[in-house]
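One letter stands for each residue in the lines below.
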Amino acid sequence: MIPTGMTDEQQVRFCISVINRYREELPGLRRKATLLSQQKEELVEEIMYWREKYKEEKKGREKTQQENSKLKEEIEKLTKTNKRYQVALFDHGNFKNPSSKEKKKKGGQTGHADTNRERRENYDSYRKERLFVGACGTCGAVLPRVAATRQKMLVDIVIKPEVVKLILESERQWCGGCKMEVYARDSRTLPFTEYGMNTFMLVMILRFKSHASMGNIATVISISHGLKLSKSDVASLLSQAKKHLKGRYEKLIEAVQKGAVMYADETGWLVNGKKAWLWIMASEEVTVYYAAESRGRGIAEELYGTSEARCMHDGLRSYENAIPQEKHCYCWAHILRFAHEETVTEKEGTDAVSFKDELVRIYHIKGNNPAFNKEHLETVLREKLDRLLASVAKNQSFQNIQGRLRVQKEGLINSLLYTKDGTNNLAERELRPMVINKKISNGSNTFKGMETSAVVGSIVQTISKKETDTIPVLKAYLLEGIQEKYKRYLHTPSFDDS
């Protein structure tokens, strides 16, 4: 402010002095302002740097936390797996009712098949041969004949390394009714090969019942029968057999699809070192293997087709999407094993262990109450399972088991209502021979070779399930396939002894 009491001239000089003073201070103020501005920019840049650094650190920390969570889950899984291997599943009792403390007795079990051959054998059909010694082998004394005997049973095989070699001449006859040439075909022969029926059948049996490799099959036939074969000969015989048995194979598929329950499963296979899948669809009477390049829904749809059967499986999503919901039967063995694996590290008395034990008790309801009719059994099962699903606990293992049970409840009920034991054990048993073959031969060289294994293996396995002689049935199937394709094999031959 301008001081009071000044003249106009003094006021002007005062104002000019003030202006001059500010003019002198202005450069310094500008320099300070510029400096402060630069410092501000530097501070802003530093703040931005540390902000980005913080964001990166935050992301890194979050990523580390996620990785730690995954590692904890993996450690938990590995811990469960290790403990599961340390304690055998069935000895642990995942199928055993927790309330039962009785130990299984040694020896034959009630309901098991009688494997005692001596009790089942009809010895009246045995041919008898009487042996005696004319002279003592020690001193040479002549020994008289006597009436007393000592019996010993002999069951043996005939090894005859001798190959049947024939030249078969068929007369070129003429049928006046059909107006065509007719010539006889020996039932021991097959089209377009010099090898006979017995060779074909022995190769198939050694391959799919004895699980022998191609090389071992050739060796066995050479030693036991004197017929020299190479591995490629064995493969060719199986390939030709597939062509003749393909019609019967299609009938087996149809039989399984028309059945009441279809048991399904799959296993990995190798085709020239690349991944493929061997599927199985089976019933109590029929087993069908199916070669496929994938494990997808399309294969499950193709196998199930237009079937009305209930499908027993392990819960693979391919089945869930391909089969009508009301037709699912979920395997109790798989859910009980899952429950056991989830609780293997839990202490007795926890919510998860109690849940698992109750699930085992529910599985045993059918076996423990054979008098229950289907309607009553369904009511009891549904009530018990609903009660389990309504229970609440914070335990993660408890929630995992309950989540799977919620999805599979209806199928688990169906499996106990419509199958003998509520498990997919039948499919796994029937699949085991092919798994053994795969491990011995390391899969197949070509996809056609895999298809051959599926077709021929299905025929041999199905025949062996029935209590009948394998050879006559297998021969009948081969002849049936040949006669369907080659009509000239329908003629019954006669032999000219001259």
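Residue numbers restart at each chain and count upward from 1, following the sequence in its written direction. This being a predicted model, a pLDDT of at least 70 is required before a residue's local features are given, and a value of 80 or more before pairs of side-chain atoms are given or counted; all residues contribute to the totals for chains, interfaces and linings. For the side-chain quantities, the full set of heavy atoms in the structure was used; hydrogens and water were omitted.

Novice: How would you explain the overall build of the chain if you had to name every residue and give the values?
Specialist: A count of helices and strands for the chain gives 16 helices and 7 strands. For 498 residues, the compact-globule formula gives about 23 Å, and the C-alpha radius of gyration of the chain, at 42 Å, lies well above that figure. Along the longest, intermediate and shortest principal axes, the C-alpha atoms of the chain span 175 × 65 × 65 Å. We call a residue buried when its accessible area falls under 20% of the maximum for its residue type, exposed when it is over 50%, and partly exposed in between, using a 1.4 Å probe and counting protein chains only. Expressed as a percentage of the 498 residues in the chain, the buried residues total 35%. In this description a helix means any DSSP run of H or I spanning at least four residues, a strand means any run of E spanning at least two, and both kinds are numbered starting from the N terminus. Radius of gyration here uses only the C-alpha atoms, and the compact-globule reference equals 2.2 Å multiplied by the residue count raised to the power 0.38.

Novice: So, the environment of Val286: which residues are in play, and what are the values?
Specialist: Assignment of secondary structure puts Val286 in the loop between strand S4 (274-282) and strand S5 (287-292). Distance from Val286 to Ala255, taken between C-alpha atoms, is 7.4 Å for residues 31 residues apart in sequence. Ignoring sequence-local partners within four residues, the contact set of Val286 consists of Leu252, Ala255, Val256, Met281, Thr462 and Lys465. In this description, contact between two residues means that some pair of their heavy atoms is separated by no more than 4.5 Å.

Novice: Can you tell me about unusual backbone geometry, naming the residues and giving the values?
Specialist: What you tend to see is this: most non-glycine residues have negative phi, and most peptide bonds are trans. With a phi angle near 60 degrees, Lys179 is a residue other than glycine that sits in the positive phi range. Following the sequence through the fold, Lys179 ends up in the loop between strand S1 (173-175) and strand S2 (180-182). Residues other than glycine seldom take positive phi values, yet Asn442 does so here, at roughly 60 degrees. If you trace the backbone, Asn442 turns up in the loop between helix H14 (425-441) and helix H15 (447-465).

Novice: Run through the sheet that holds strand S7 (residues 328-330), naming residues and quoting values.
Specialist: At least two bridges found by DSSP between two strands are what make those strands a pair. Taken together, the 5 strands give an open sheet; going across it, the order is S5-S4-S3-S6-S7, and neighbouring strands pair in mixed fashion. Since the sheet does not close on itself, it has two edges, and those belong to S5 and S7, each with one partner. Adjacent strand axes in the sheet meet at a mean angle of 30 degrees, parallel and antiparallel pairs treated alike. Of the strand pairs in this sheet, strand S3 (residues 261-271) and strand S6 (residues 310-313) are connected by 3 bridges, and their pairing is parallel. The residue bridging Val261 from the neighbouring strand is Arg310, located in S6. Note on method: axes are straight lines fitted to C-alpha atoms, helices fitted across the in-contact stretch only, with angles between N-to-C directions ranging 0 to 180 degrees. Strands in contact with H14 are S3, S4 and S5; relative to S3, the strand with the most contacts, it is inclined by about 15 degrees.

Novice: Describe in detail the nonpolar core, supporting the description with residues and values.
Specialist: In this structure, Met204, Leu229, Leu278, Trp279, Val288 and Ile459 are the most contacted members of the largest nonpolar core, which totals 77 residues. It is helix H6 (residues 231-258) that provides the largest number of residues to this core, a total of 9 residues. For our purposes a nonpolar core is just a set of buried Ala, Val, Leu, Ile, Met, Phe, Trp, Tyr and Cys residues, chained together by side-chain atoms within 4.5 Å. Residues Trp332, Leu336, Phe355 and Ile362 belong to the second largest nonpolar core, which totals 27 residues.

Novice: Could you give an account of the pairing of S3, with specific residues and numbers?
Specialist: Taking burial as the measure, the 11 residues of S3 include 10 buried ones, the bulk of the element. Between S3 and S4, which pair antiparallel one after the other, the connecting turn spans 2 residues, and Asn272 there sits at a positive phi close to 55 degrees.

Novice: Please provide a residue-by-residue account of the packing of helix H9 (residues 332-343) against helix H10 (residues 351-363), values included.
Specialist: Viewed as axis vectors pointing N to C, H9 and H10 meet at an angle of 160 degrees, and their least axial separation amounts to 9 Å. Viewed along their axes, H9 and H10 adopt a mutual orientation that is roughly antiparallel. For the pair H9 and H10, the crossing hand works out as left-handed. Between H9, through Trp332, Ile335, Leu336, Ala339, His340 and Thr343, and H10, the contact on the second element is made entirely by Ala352, Val353, Lys356, Leu359, Val360, Ile362 and Tyr363. Broken down by class, the residue content of the contact of H9 with H10 amounts to 10 nonpolar, 2 polar and 1 charged. If an angle is under 35 degrees, it is roughly parallel; if it is over 145, roughly antiparallel; if it lies from 65 to 115, roughly perpendicular; otherwise it is oblique. For any pair of crossing helices, the crossing counts as left-handed if the nearer helix is rotated counterclockwise from the farther one by less than a right angle, and right-handed if it is rotated clockwise. The residue classification treats Ala, Val, Leu, Ile, Met, Phe, Trp, Tyr, Cys and Pro as nonpolar and Asp, Glu, Lys and Arg as charged. All others, Gly included, are polar.

Novice: So what's going on with the pairing of S6? Residues and values would help.
Specialist: Strand residues, when the strand is regular, have side chains that alternate between the two faces of the sheet. As defined by bridge partners, S6 adjoins S7 across 3 bridges and the pair is classed as parallel. In the strand pairing of S7, Met312 is matched with Cys329. Assessed by its sense of winding, the connection that carries the chain from S6 through helix H8 (residues 317-322) to S7 is right-handed. The handedness rule is simple: strands pointing away from the viewer, and a clockwise path from the first strand over the helix to the second, make the crossover right-handed.

Novice: Lay out the packing of aromatic side chains in plain terms, naming residues and giving numbers.
Specialist: Between 30 and 60 degrees the pair is tilted, below 30 it is stacked and above 60 it is edge-to-face, where a pair is any two Phe, Tyr or Trp rings, Trp via its six-membered ring, whose centres lie within 6.5 Å. Applying the stated criterion across every chain, the model contains 5 aromatic pairs. Ring geometry for Tyr49 and Trp50: centres 5.1 Å apart, planes at 75 degrees, overall edge-to-face. In this analysis the charged atom, NZ for Lys or CZ for Arg, is taken to sit over a ring once it is within 6 Å of the ring centre and within 35 degrees of the ring normal. The ring of Phe132 carries Arg145 above its face, with NZ or CZ at 3.7 Å from the centroid. Across the ring face of Phe338, the terminal group of Arg404 is positioned such that the distance to the ring centre comes to 4.8 Å.

Novice: Quick rundown of the confidence of the model for the chain? Include the residues and the values.
Specialist: By definition, pLDDT measures how confident the predictor is in each residue, and it falls between 0 and 100. Scored by pLDDT, the chain comes out at a mean of 87, with 91% of its residues at no less than 70. Considering only residues more than four positions removed or in separate chains, one finds that residues 88-93, a stretch of pLDDT under 50, has 8 contacts.

Novice: Describe in detail a negative patch on the surface, supporting the description with residues and values.
Specialist: A grouping of Glu41, Glu42, Glu45 and Glu46 is seen on the molecular surface, where their side chains present a negatively charged patch. Turning to its location among the elements, Glu41 is positioned in helix H1 (residues 8-86). Each patch is built from residues lacking any salt bridge and having more than 30% relative accessible area; the joining distance is 9 Å for like charges and 5 Å for nonpolar side chains (Val, Leu, Ile, Met, Phe, Trp, Tyr). Only the protein chains shown count as cover for residues, and the accessible areas themselves come from Shrake-Rupley with a 1.4 Å probe. What makes a salt bridge here is a side-chain nitrogen of Lys or Arg within 4 Å of a carboxyl oxygen of Asp or Glu, nothing more. We score Asp and Glu as negative and Lys and Arg as positive, and we do not count His or the chain ends. We put the charge of a Lys on NZ, of an Arg on CZ, of an Asp on CG and of a Glu on CD.

Novice: Would you mind going over the packing of H9 against helix H13 (residues 396-418) in detail, with residue names and values included?
Specialist: Each pair of packed helices can be described by the angle between their axes along with the distance between the axes. Remark: H9 packs on H13, axes separated minimally by 10 Å, with the N-to-C direction vectors making an angle of 165 degrees. Accordingly, the angle class assigned to the pair H9 and H13 is roughly antiparallel. Crossing angle aside, the handedness with which H9 passes H13 is left-handed. Packed against H9, whose contacting residues are Trp332, His334, Ile335, Phe338, Ala339, Glu342 and Thr343, the element H13 presents Ser397, Asn400, Ile401, Arg404, Leu405, Gln408, Leu412, Ser415 and Leu416 at the interface. Here the residues of the contact of H9 with H13 sort into 8 nonpolar, 6 polar and 2 charged.

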